[in-house]
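So the chains spell out like this:
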Amino acid sequence: MNIRSLELEQFRNYEHARFVFDPAVNLICGENGQGKTNLLEAAAACSTMRLFRTAQKKEGLRFGEDHARIIADFQAQRRDFTLELRLSRMKSMEIYKNGVRQKRQSDAQGILKTVLFCPEDLMLVRQGAGARRRFLDTALCQLRPYYARYLEEYNRLHEHKTRILRDSEEKPSLLSMWEDFSLRMTHIGAQIIRYRAYYCKKLLEAAAAVYADIAPQEVLSGEYQTVSSVTDPFASAKQIEQELIDHVLRHKQAEIAARSCLSGPHKDDLVLLLDGRSAASYGSQGQVRTCTLSLKLAERELFFGEDGEYPVLLLDDVLSELDRRRQDFVLNRISAGQVMITCCEDGISDKLRAGAVFQIQNGKII
């Protein structure tokens with residue numbers, strides 16, 4: 001799996017640029033603020049259908065422009081694909097696969113698979129549960145198209161139900177819809193919980209093995225935490241749905257009082273442990289970074305195990321944030337598959353043996 005070329009029009013600080021990539025290591029150089037991360041964001045968007053730095057796709061438009069395009073030519077599953085994302089200030093993003101417009105984002109999501117690692121991820125362990133849910137969801141939406149559809153519907157239901165609860169004080173009649181939305185959310189939520197549980201099990205096993213290679217004297221483990229009434233997240237969707245229904249009905253009055261959805265997988269978490277203790281609370285800075293490295297590299301291995309192809313690995317100035325030992329560890333584990341690395345430091349670039357080097361300045365290749 002690799003991206004052959006990426007063309008950007010009016011995206012972020014790029015007026016127009018076309019990149020032709022090496023199937024192995026690609027080094028993207030330049031000072032801060034020149035557009036290196038923007039290039040990786042465009043590449044990631046072709047797999048996730050979203051921009052990793054903002055929830056508003058229109059923010060990807062170049063200043064003063066109303067439209068932008070990202071066009072990727074890539075190989076995946078031993079087939080050739082062209083994917084075009086059309087961003088607009090006035091309407092939703094349009095997606096074209098091999099020239100044919102797609103009805104849903106999930107129809108194109110995950111054909112190209114990427115694993116993104118940026119400096120903010122190094123604090124994934126210590127961030128709130130929302131960051132770890134996004135980490136899980138980003139991977140699962142690429143691996144499982146049905147999961148992406150479930151998540152999209154669940155988020156829409158959650159938004160509507162939150163609005164009902166928020167406005168119910170002024171319009172009590174809105175609460176007549178509470179049960180319908182709650183029951184549909186439990187049905188979809190049961191599917192999401194099963195997907196997350198199975199993925200977390202595999203992820204934690206793989207991450208523990210990676211961590212042991214870096215720090216053999218320590219043990220990384222973890223636990224997927226979901227709604228307290230769910231006795232077994234690996235149970236049938238029907239059983240989980242009934243347990244979710246029981247929980248949400250018991251909390252109806254609490255939800256009305258709080259004017260917020262208190263029950264559901266939108267509060268899930270992935271708790272990480274080092275030698276049985278909370279990594280977030282007790283881990284040193286080095287241990288926390290090693291945990292995140294292990295999760296990201298494990299994610300990459302799971303993608304490979306799924307279809308025999310490594311995802312495109314996007315490293316956004318991460319190596320400069322790591323000490324030399326961890327830098328070398330990462331570099332030794334990314335010899336296979338396509339890699340795109342943004343970098344400012346010459347010392348790191350000497351180690352990469354890049355097949356292609358791009359020097360970026362003010363959104364242009366120089």
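Look a little higher up for the structure.
The rules behind the values
- Residues numbered from 1 in each chain as written.
- Predicted model: local features only at pLDDT ≥ 70, side-chain atom pairs only at ≥ 80, totals over all residues.
- Heavy atoms only, no water.
- Buried < 20%, exposed > 50% of the residue type's maximum accessible area, 1.4 Å probe, protein only.
- Helix = DSSP H or I, 4+ residues; strand = E, 2+ residues; numbered from the N terminus.
- Pairing = 2+ DSSP bridges.
- Right-handed = clockwise from strand over helix to strand, strands pointing away.
- Core = buried A, V, L, I, M, F, W, Y, C linked by side-chain atoms within 4.5 Å.
- Contact = heavy atoms within 4.5 Å.
- Phe/Tyr/Trp six-rings, centres within 6.5 Å; stacked < 30°, edge-to-face > 60°.
- Axes fitted to C-alpha atoms, helices over the stretch in contact; angles between N-to-C directions.
- Parallel < 35°, antiparallel > 145°, perpendicular 65-115°, else oblique.
- Left-handed = near helix turned anticlockwise from the far one by under 90°.
- Nonpolar A, V, L, I, M, F, W, Y, C, P; charged D, E, K, R; others polar.

**Remarks on the pairing of strand 13 (residues 339-343)**
- With respect to burial, strand 13 is a largely interior element, five of its five residues being buried.
- Where burial is concerned, the two faces of strand 13 agree: the one with Val339, Ile341 and Cys343 and the one with Met340 and Thr342 are both buried.
- Sheet topology note: the strand 3 (residues 25-29)/strand 13 ladder contains five bridges and is parallel. Counterpart to Val25 in the pairing with strand 13 is Val339.
- The sheet contact formed by strand 12 (residues 312-316) and strand 13 spans four bridges and is parallel. Residue pairing across strands places Leu313 opposite Val339, the latter belonging to strand 13.
- Taken together, strand 12, helix 9 (residues 324-332) and strand 13 form a β-α-β motif whose crossover is right-handed.

**A few points about the nonpolar core**
- Residues Tyr199, Leu203 and Leu272 are the most contacted members of the largest nonpolar core, which totals 47 residues.
- Those elements giving two or more residues to this core turn out to be helix 2 (129-143), helix 3 (145-167), helix 4 (178-214), strand 9 (220-225), helix 5 (237-250), strand 10 (269-274) and helix 8 (285-307).
- The biggest single contributor to this core is helix 4, with 14 residues.
- The contacts of Tyr199, once residues within four sequence positions are left out, are Leu136, Ala139, Leu140, Leu143, Glu299, Leu302 and Phe303.
- Formed by 41 residues, the second largest nonpolar core is a distinct cluster that contains Leu83, Leu87, Ile95 and Met340.

**A short note on the packing of aromatic side chains**
- Across all of its chains, the model carries nine aromatic pairs by this definition.
- Judged by centre distance (5.5 Å) and plane angle (70 degrees), the rings of Phe21 and Phe358 are edge-to-face. Separated by 337 residues along the polypeptide, Phe21 in the loop between strand 2 (14-20) and strand 3 and Phe358 in strand 14 (residues 356-361) bring together distant segments of the chain. The exposure classification of Phe21 matches that of Phe358, with both residues buried.
- Taking 4.9 Å as the distance between ring centres and 85 degrees as the angle between the ring planes, the aromatic pair formed by Tyr198 and Phe234 counts as edge-to-face.

**Looking at the packing of helix 4 against helix 8**
- Orientation of helix 4 relative to helix 8, taken along the N-to-C sense of each, is 125 degrees, at an axis distance of 8 Å. The orientation of helix 4 with respect to helix 8, classified from their angle, is oblique. Note on packing geometry: the crossing formed by helix 4 with helix 8 is right-handed. Contacts from Tyr199, Lys202, Leu203, Ala206, Ala207, Val210, Tyr211 and Ile214 of helix 4 reach helix 8 at Gln287, Thr290, Cys291, Ser294, Leu295, Leu297, Ala298, Glu299, Leu302 and Phe303.
- Counted by class, the contact of helix 4 with helix 8 contains 13 nonpolar, three polar and two charged residues.

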